[in-house]
Amino acid sequence: KGKAIPLPEALAWKEVRKLLTKPDAFVTQLIKYDVRNTSPAAVELIEKSYMNTPAFETADKEGAKETATTEALKAWIAATIQLFHIQQTLIPKQAILEDQIKAHDTTVAKYQDLLTRVRNLEARLADVMSSFQDATEEKNAAIVRLEELTASYGIARKLAVCLEGGRANRLQEAKERYALETDCLLGDSLTAAAFVSFAGALGPVCRDSFIRYQVLADLRAQKVQVSSGTVLSLFASPSTAADWKSMGLPDDPYCVEGASIALYSTAWPLLVDPEGVGLRWVTALYERQGVKVTVVSNQSDNLIPLLRSCVINGTPMV
């Protein structure tokens, strides 16, 4: 409690007796003694002036009960002094630990701040990607419109050439051909729709029979005018067929018809392609448009990684 500790030779029995008037209170003070409040000067004095005296080091041999009590008190003093030294050793380490805990808390706070900023950036990136997708759709629509205008310009230019050359007969032929195409537009559209919808699974003979004796016969019976050409001419011109041939597609009518169905059908086609002809054509067709097709076997070890990459990048995979 901050009072000066007397030297051993200055001790008086009456002072000691005051502590022992209430043994229970004295023992309670020993049990609840807080080593953290001990003065280093008091510890040094006890170690030098008390614990090194013969009376402290030599046990009393006259009474066993008194000797046991004295030895227990000595053991308490020695343990308390040892605990004090241990605590003095731990105090700097506790300070270091507290500093490290503060540094850790600071690091965690910085990490949480960075995590919040990353999440905000991810949200902004999602908004940018959504805007980019909308802009891409607008660009594609503009490209389609440009192609339509280009086609119209081509027609107008051809018409101008005909007029400038004084070839009235060609203009008349074009007008008649346009009128015929207009008259046959409904019948040709119905024929093309029936062919794309139902002829995909039929063989060459059955396709011809289906178109000739089912579709065309029904349209003529209802007095719907149709073109005189083959059904293939409704989908692929000779130049288109030649272009597909350069991509690896055979030029026989059956293969060209199958390719037309695959391209113009709104449903996803199933290509039965044991020789890989259709695969080469589909791959070349996409590559002509600047899109790379990933081809992988369903037994390949890279199937899952390649599928994940295609899904992320939005590229086709066969």
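Residues numbered from 1 in each chain as written. Predicted model: local features only at pLDDT ≥ 70, side-chain atom pairs only at ≥ 80, totals over all residues. Heavy atoms only, no water.

*Asks:* Help me understand the side chain of threonine 191 in this model?
*Replies:* For threonine 191, the position within the fold is in helix α7 (residues 185-198). Since its relative accessible area comes to 3%, threonine 191 is described here as buried. Residues within four places of threonine 191 in sequence aside, it is in contact with Ile211, Val215, Leu216, Leu219, Val226, Val231 and Leu234. (Helix = DSSP H or I, 4+ residues; strand = E, 2+ residues; numbered from the N terminus. Buried < 20%, exposed > 50% of the residue type's maximum accessible area, 1.4 Å probe, protein only. Contact = heavy atoms within 4.5 Å.)

*Asks:* Looking at this structure, I do not really get the confidence of the model for the protein chain. What am I missing?
*Replies:* Caution is warranted with low-pLDDT regions, since their predicted coordinates should not be read in detail. A residue-level look at the protein chain finds 89% of positions with pLDDT of 70 or above and a mean pLDDT of 81. Mean pLDDT across the elements of the protein chain ranges from a minimum in helix α4 (residues 54-57), with 68, to a maximum in helix α12 (residues 303-313), with 89. (pLDDT = per-residue confidence, 0-100.)

*Asks:* Honestly, the packing of aromatic side chains in this entry has me stumped. Any pointers?
*Replies:* Inspection of the entire model under this criterion finds three aromatic pairs. Between the aromatic rings of phenylalanine 198 and phenylalanine 210, the centroid separation amounts to 6.4 Å while the plane-to-plane angle is 65 degrees, which identifies the pairing as edge-to-face. Taken together, the positions of phenylalanine 198 in helix α7 and phenylalanine 210 in helix α8 (residues 204-221) put the pair twelve residues apart, joining distant regions of the chain. A residue is classified by how much of its surface remains accessible, and phenylalanine 198, at 57% relative accessible area, is exposed. (Phe/Tyr/Trp six-rings, centres within 6.5 Å; stacked < 30°, edge-to-face > 60°.)

*Asks:* What is the right way to read the nonpolar core from this model?
*Replies:* Soluble, globular proteins show a tendency: their nonpolar side chains are buried together. Ranked by internal contacts, the top residues of the largest apolar core, which has 15 residues, are Phe195, Phe210, Ile211, Val215, Leu219, Val231 and Phe235. Apart from the residues lying within four places of it in its own chain, the contact partners of phenylalanine 195 are Gly200, Arg207, Ile211, Val231, Phe235, Glu257 and Ile261. The next biggest cluster of nonpolar side chains, apart from the first, holds nine residues, and it includes Ala236, Leu249, Trp281 and Val282. (Core = buried A, V, L, I, M, F, W, Y, C linked by side-chain atoms within 4.5 Å.)

*Asks:* Where do I start with a nonpolar patch on the surface in this structure?
*Replies:* A contiguous nonpolar surface patch, about 390 Å² in accessible area, is contributed by Trp13, Val16, Leu19 and Leu20. If you trace the backbone, leucine 20 turns up in helix α1 (residues 13-20). On the basis of relative accessibility, which here comes to 42%, the residue leucine 20 falls in the partly exposed class. (Patch = residues over 30% accessible without salt bridge, like charges linked within 9 Å, V, L, I, M, F, W, Y side chains within 5 Å. Areas by Shrake-Rupley, 256 points an atom, 1.4 Å probe, with all protein chains shown as cover. Salt bridge = Lys/Arg side-chain N within 4 Å of Asp/Glu carboxyl O.)

*Asks:* What is the right way to read helix α11 (residues 277-288) from this model?
*Replies:* Residue pairs spaced three or four apart in an α-helix point in one direction, given the helix's 3.6 residues per turn. When the terminal C-alpha atoms of α11 are compared, their 17 Å separation across twelve residues agrees well with the 16 Å that a helix rising 1.5 Å per residue should span. Among the residues of α11, those classed as buried are Val277, Gly278, Trp281, Val282, Thr283 and Leu285. On the buried face of α11, the contacting elements are α9 (238-246) and α10 (253-264). Looking at the residues trailing α11, positive phi occurs at glycine 290, about 85 degrees. (Expected span 1.5 Å × (residues − 1).)

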